[in-house]
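Residue-level structure breakdown
Now for the letters of each chain:
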Amino acid sequence: MTPRSIIAALATFAVAAACQDRSAPATAAPNAGVDRDLLDVTVPRLRQLYADKKYTVTDVVKWHLDRIDRYNGVYGAIETVLRDQALAAAKREDAESGGTHGPLWGVPIVIKANTSVKGQVTTAGWEGFTRPGHELVAPKDATIVAKLEAAGAIIVGLANMPDLANSDTNRSSSFGRTGNAYDVRFSPGGSSGGVVTAIAANFAVLGNGTDTGNSIRMPAATSALFGVFPTRGLVSTAGIAPLDWLLDNTGPIARTTEDAAIALSVMAGSDSLDAVTLGAPATAQKPPYESEIKAGSLTGKRFGVPAFILAGDGVPFHGIPVTVPDAAAESYRVGANMALRPETRAMFMKAVDALRAAGAEVVIADSILPTSFARLASRVATYAYMKDGTDRFLATFGPAEFHSADQYRAAVGSPLFMSSIGVEDGFRNIGGVHIEQRQLATDPNAARWYHAPRKAMLDAYVGTLDRLKLDGFVYPAIQMPPPDETMAQDGHLSDGPHSATSWVNMIGVPAVVVPAGFYASGLPFGLEFSGRPWTDGDLLGVARAWEKAGTWRKPPTLVDRGLLAVTPARPSR
């Protein structure tokens, strides 16, 4: 599409939006007392409400479903509402008497649409998985879904996301657009934008995000939430439709650190379906994390600020194979540069001041993870193994009709989404090198392309922590504020906001995003911390200490009528 045609399409979109006045489904008048109890309710508070017998699980689930009915037609966070299943699960839990309940008993949650829920369509945001007669109906639950439900959580819906998580905003071909809970005109970020809007809007208490390059952390930052990227291997990704399986991760998104810690404790653990989880060292911090975070403090902590992020140095998504000559590789890398916007830099420096006021030391120097680190990170090349990851997922979590990308094409008559099978020319042709798809386990280039560069990058990361005696790194979670999606940005419809945090995925170290105030526009700003591998409890302790050091978030004010068209959520199967 040409720039002129894009502007024309935007004008058409604006006119159509202005002519619409779509009301939410009629619902009973809200109960002010219930709203006071359940708006922004935490897991510990919900436990107490149940113990006091003030509400049944059915009461709480119905309240959250009513929120979806009232507001989802404006915000578009939930693609599929699991109404019947949620009410049935609530009824079962209400019938339980005595005994010990799981840590998430009676807690309404949302699940991202790329995460398998048995019997439901795993849309992953892509219309190709929703074609009548060829739907990707999950034959079993993803490992984390099974763990969350075993802990008593109740799934109320599947959250919207962009096609196969391959975007920094939240527009899907299977459903449509999700708006930011703080201002529906603006982007919530992607690809966990549906989850963050759902949690900020009180459609659920918790949700799972997935993150291949920023997709838990960046959306959490747009929506004043806590987003956890665990050490890769702490939580199984089995049953999650991959974007890039060597970079993918999953973790909790919540309104408080404690809720995130409780959810992470449930989600963590080894899984034979995800070999990475079988390699946790004996020194790895283990759940429950909620008991550890209460002792968290910022006093005496020492954090470094990565220089390459402040400078806007790029790290291309999926990396650059070592076979690409240095000059060509540097040209490609610089093409991914992304300046830190002045208003975001100002918000970050305010957060640095607040950290220092809370007793932490923050070191800002050009020598801390400089441009050379961005160059090192850029050589962790994963694109050659995209189809391998997709085939691994479909082999276990695909429907009977197709258990590989090739079988999908044979059954449906068209190929899978381009990113899923590694056929995007912008990624498979770099500096005169053509990247063919191959299997990681049998590829003779795997050590040179992926394993060795990843180790070198991780060594540089940990080495900097050791050399400067740092407890972690701190930096802006996004390079810019969320953009307005009702008008052209830089001459085209925005595909952002964007972050400079995909390097975290390349080495799989833990990171957490925390709310850190609001721009003058009223939209949230988020701060990100990263730490040493397998010290997730310590990092959550830092997040908890930050949370207690100020009032960083406030709930959004929702509207139940809007001008932008939103597709009605589909019912469950």
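Quick caveat, the model's predicted, so the values are computed rather than measured.

The subject of this paragraph is the packing of aromatic side chains. Counted by the stated rule, this structure contains 19 aromatic pairs. Look at Phe303 and Phe529: their rings are 5.3 Å apart centre to centre, the planes differ by 55°, and that puts the pair in the tilted class. Note that Phe303 is positioned in strand β8 (residues 302–305) and Phe529 in strand β14 (residues 524–530), a separation of 226 residues in sequence. We classify Phe303 as buried; its relative accessible area is 1%. Within the aromatic cluster, the residues linked to one another by ring pairs are Phe308, Phe373, Tyr461, Phe473, Tyr475 and Trp503. Looking at Arg438, its charged tip hangs above the ring of Trp449, at a distance of 4.9 Å from the centre. A cation sits over an aromatic face here: Lys554 above Phe518, 5.0 Å from the ring centre.

Our next topic: the pattern of salt bridges. Inspection of every chain in the model, using the stated rule, returns 26 salt bridges. Close ionic contact of Asp313 with Arg333 constitutes a salt bridge, the shortest N to O distance being 3.8 Å. Here Arg333 lies in helix α12 (residues 326–334) and Asp313 lies in the loop between α11 (307–311) and α12, a separation of 20 residues in the sequence. Each member of the pair, Asp313 as well as Arg333, carries the same accessibility label: buried.

What follows deals with the sheet that holds β8. The strand order across the open sheet formed by twelve strands is β9-β8-β12-β14-β13-β6-β7-β5-β3-β4-β2-β16, and the pairing between neighbours is mixed. Taken across any chain shown, the strands that pair with only one partner, and hence form the sheet edges, are β9 (361–364) and β16 (570–571). As paired elements, β8 and β9 share four bridges and run parallel to each other. For Val305, the partnering residue across the bridge sits in β9 and is Ile364. This element, helix α6 (residues 143–150), spans β3 (108–112), β4 (154–159), β5 (206–210) and β7 (250–254) of the sheet and lies at about 175° to β3.

Counted residue by residue, β4 has six buried out of six residues, so it is predominantly covered. Here strand β2 (residues 78–81) pairs with β4 via three bridges, running antiparallel. By the bridge assignment for β4, Val81 is matched with Gly157. Note: β3 against β4, five bridges, orientation parallel. By the bridge assignment, Lys112 is partnered in β4 with Ala159. Remark: the β3/α6/β4 crossover connection has right-handed handedness.

This part covers unusual backbone geometry. Leaving glycine out, the prevailing phi sign among residues is negative, and the prevailing peptide bond configuration is trans. Along the chain, Gly190 connects to Ser191 via a cis peptide bond; the corresponding omega equals 10°. Relative to the helices and strands, Ser191 resides in the loop between β4 and α7 (193–200). Geometrically, the link from Pro287 to Pro288 is a cis peptide bond, its omega value of 5° lying close to zero. Along the chain, Pro288 falls in the loop between α9 (257–267) and α10 (290–293). Positive phi, normally seen in glycine, also occurs at Lys53, with a value near 55°. When you line up the elements, Lys53 lands in the loop between α3 (43–51) and α4 (57–75). At Ala124, a position not held by glycine, the phi torsion is positive, near 50°. Taking the relative accessible area as the measure of exposure, Ala124 reaches 0% and is therefore buried.

As a further point, take the packing of α9 against helix α21 (residues 536–548). Axis separation between α9 and α21 bottoms out at 9 Å; the angle between their running directions is 160°. Taken as axis vectors, α9 and α21 run roughly antiparallel relative to one another. When the axes of α9 and α21 are compared, the crossing they make is left-handed. Together, Thr257, Ala261 and Leu264 of α9 and Asp536, Leu540, Ala543, Arg544 and Glu547 of α21 make up the contact between the two elements. The residue makeup of the contact of α9 with α21, split by class, is four nonpolar, one polar and three charged.

Attention shifts here to the layout of surface pockets. Taken as a whole, the largest pocket holds about 840 Å³ of empty space. Of all the secondary structure elements, the ones that give two or more residues to the lining of the largest pocket are α15 (386–397), α19 (446–467) and α20 (502–507). Of the volumes computed, that of the second largest pocket is approximately 590 Å³. Forming the walls of the second largest pocket are 25 residues, and the residues nearest its centre are Asp168, Asn214, Phe317, Met338 and His498.

The next subject is the nonpolar core. In terms of nonpolar packing, the biggest core is built from 115 residues, with Leu104, Leu206, Leu355, Val474, Leu527, Phe529 and Trp546 touching the most fellow members. The dominant element in this core, judged by the number of residues it contributes, is α4, at nine residues. Contact partners of Val474, with chain neighbours within four places excluded, come to Phe303, Gly304, Val305, Pro306, Phe348, Leu355, Val362, Leu527, Glu528 and Phe529. In this structure, Val363, Ala374, Ile430 and Leu470 belong to the second largest nonpolar core, which totals 41 residues.

Let's shift gears to α9. Burial of α9 is extensive: ten of the eleven residues sit out of reach of the surface. Those residues of α9 that sit buried are Thr257, Asp259, Ala260, Ala261, Ile262, Ala263, Leu264, Ser265, Val266 and Met267. Just downstream of α9 lies Gly269, where phi reads positive at about 140°.

With that out of the way, let us pick up the side chain of Ser404. Here Ser404 shows up in the loop between α15 and α16 (405–412). For Ser404, a relative accessible area of 14% translates into the label buried. Within the local environment of Ser404, its side chain forms a polar contact with the backbone nitrogen of Gln407, the two atoms lying 3.1 Å apart. If near-sequence neighbours (up to four positions away) are discounted, Ser404 is found in contact with Asp391 and Leu394.

Before going further, it helps to examine the side chain of Thr222. Secondary-structure assignment places Thr222 in helix α8 (residues 217–222). Look at Thr222 and you get buried, because its relative accessible area is 0%. A polar side-chain atom of Thr222 sits 2.7 Å from the main-chain carbonyl oxygen of Pro188. Leaving out residues up to four positions away in the same chain, Thr222 has contacts with Asn180, Tyr182, Ser187, Pro188, Gly189, Ile478, Pro482, Pro497 and Pro524.

The end-to-end C-alpha distance of α19, which contains 22 residues, comes to 30 Å, matching closely the 32 Å that a straight helix rising 1.5 Å per residue would cover. Of all bends in α19, the biggest is about 30°, found at Ala452, and the proline Pro453 comes one to four residues later. Restricting attention to buried positions, one finds in α19 the residues Ala446, Trp449, Tyr450, Pro453, Met457, Tyr461, Thr464 and Leu465.

Rules used throughout
- Residues numbered from 1 in each chain as written.
- Predicted model: local features only at pLDDT ≥ 70, side-chain atom pairs only at ≥ 80, totals over all residues.
- Heavy atoms only, no water.
- Phe/Tyr/Trp six-rings, centres within 6.5 Å; stacked < 30°, edge-to-face > 60°.
- Helix = DSSP H or I, 4+ residues; strand = E, 2+ residues; numbered from the N terminus.
- Buried < 20%, exposed > 50% of the residue type's maximum accessible area, 1.4 Å probe, protein only.
- Lys NZ or Arg CZ within 6 Å of the ring centre and 35° of its normal.
- Salt bridge = Lys/Arg side-chain N within 4 Å of Asp/Glu carboxyl O.
- Pairing = 2+ DSSP bridges.
- Contact = heavy atoms within 4.5 Å.
- Axes fitted to C-alpha atoms, helices over the stretch in contact; angles between N-to-C directions.
- Right-handed = clockwise from strand over helix to strand, strands pointing away.
- Parallel < 35°, antiparallel > 145°, perpendicular 65-115°, else oblique.
- Left-handed = near helix turned anticlockwise from the far one by under 90°.
- Nonpolar A, V, L, I, M, F, W, Y, C, P; charged D, E, K, R; others polar.
- 1 Å grid on protein atoms, 1.4 Å probe; cavity = no way out; pocket = protein on both sides within 12 Å on 5 of 7 lines; lining within 4 Å.
- Points joined across faces, edges and corners; volume = space filled by probe spheres on them.
- Core = buried A, V, L, I, M, F, W, Y, C linked by side-chain atoms within 4.5 Å.
- Polar contact = N/O pair within 3.5 Å; in protein donor to acceptor, adjacent residues only side chain to side chain.
- Expected span 1.5 Å × (residues − 1).
- Bend = angle between axes of the 7 residues up to and from the residue.

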